[in-house]
Amino acid sequence: MSRQKNYLCALNVGQERNFSFFKEILQKALDKTKKSAILIAMITVNQEKSMQRNTTQRIAIMRNMQSRCDHPTAYDVYDAVKTELPHISLTTVYRLLNSLNREGLLRRIVVEGESDRFDADISGHSHAVCTVCGRIIDCPAVSGDDAPFEKLLEAYGFEASCCDMIFRGVCAGCRQKQ
């Protein structure tokens, strides 16, 4: 139960009614994998706040995103989800990915000249993009003395709410092929 409370703190819901609602949804979803259960509960709590419907399409998209280790485009998600939901449209997938991004449940990765990618890992981390094969790799977040941009922001009195850092270069696999 302490793990559920930790997730509640991460959601920053803050109301007793929402806590019991969250706990009830989480209990129902625990039959599924833990990641999926947490996501379903987070989606449901977010939807209650934003008055959006909890649809099988939204849940299928989030389950698909959580099961992936890559950073898919909307079309990649559509291609994977249409086997489960044959009547889903590409437009619906775009709309739901954008909605989940606005709600903070997914991250959008914008790579100039390419289709936007999406990431279910919303923790603070950066990305490295291979300019040869297009692969996107997660990089650990940099903080403290290793993050000179924090001092730069302080100098200008700017308080950043997030930082999306993308490194461009050639991945190890492509370097080996050269």
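These figures come from a predicted structure and were not determined experimentally.

A.B. asks: What exactly am I supposed to notice about a nonpolar patch on the surface here?
C.D. replies: There is a patch of nonpolar side chains on the surface, built from Leu 152, Tyr 156 and Phe 158 and spanning about 410 Å² of accessible area. Residue position: Tyr 156 is located in helix 7 (residues 148–156).

A.B. asks: Which parts of the structure should I look at to understand the pairing of strand 4 (residues 136–140)?
C.D. replies: Every regular strand shows the same layout, with side chains that alternate between the two sheet faces. Alignment of strand 3 (residues 125–130) against strand 4, held across five bridges, turns out to be antiparallel. Considered in strand 4, the bridge of Val 129 is made with Ile 136.

A.B. asks: Can you help me understand the confidence of the model for the protein in this one?
C.D. replies: Do not read the fine detail of predicted coordinates wherever pLDDT is low. On average, residues of the protein score 76 in pLDDT, and 66% of them are at 70 or above. Across the protein, element-level confidence peaks in helix 5 (residues 74–81) with a mean pLDDT of 97 and bottoms out in helix 1 (residues 2–11) with 37. Counting interchain partners and residues more than four positions distant, the pLDDT-below-50 stretch residues 1–18 has 21 contacts.

A.B. asks: For this particular structure, what's the right way to read the sheet that holds strand 5 (residues 166–169)?
C.D. replies: Hydrogen bonds between backbone groups are what pair the strands of a sheet, and the pairing can be parallel or antiparallel. Judged by pairing direction, the sheet is mixed, and its three strands sit side by side in the order 4-3-5 without closing on themselves. At either end of the open sheet lies a strand with only one pairing partner, and these are strand 4 and strand 5. Averaged over neighbouring strand pairs, the angle between their axes works out to 25° when direction is ignored.

A.B. asks: Looking at this structure, how should I read the pattern of salt bridges?
C.D. replies: Side-chain pairs of opposite charge can arise where the charged atoms are in close proximity. Taken as a whole and assessed by the stated rule, the structure comprises five salt bridges. Between Arg 58 and Glu 103 there is a salt bridge; the shortest N-O distance is 2.9 Å. In this pair, Arg 58 sits in helix 4 (residues 56–67) while Glu 103 sits in the loop between helix 6 (90–102) and strand 1 (107–109), placing the two residues 45 residues apart along the sequence. Side by side, Arg 58 and Glu 103 carry an identical accessibility label, which is buried. Residue Arg 108 pairs with Asp 116 through a salt bridge whose shortest N-O separation is 2.9 Å.

Calculation criteria
- Residues numbered from 1 in each chain as written.
- Predicted model: local features only at pLDDT ≥ 70, side-chain atom pairs only at ≥ 80, totals over all residues.
- Heavy atoms only, no water.
- Patch = residues over 30% accessible without salt bridge, like charges linked within 9 Å, V, L, I, M, F, W, Y side chains within 5 Å.
- Areas by Shrake-Rupley, 256 points an atom, 1.4 Å probe, with all protein chains shown as cover.
- Salt bridge = Lys/Arg side-chain N within 4 Å of Asp/Glu carboxyl O.
- Helix = DSSP H or I, 4+ residues; strand = E, 2+ residues; numbered from the N terminus.
- Pairing = 2+ DSSP bridges.
- pLDDT = per-residue confidence, 0-100.
- Contact = heavy atoms within 4.5 Å.
- Axes fitted to C-alpha atoms, helices over the stretch in contact; angles between N-to-C directions.
- Buried < 20%, exposed > 50% of the residue type's maximum accessible area, 1.4 Å probe, protein only.

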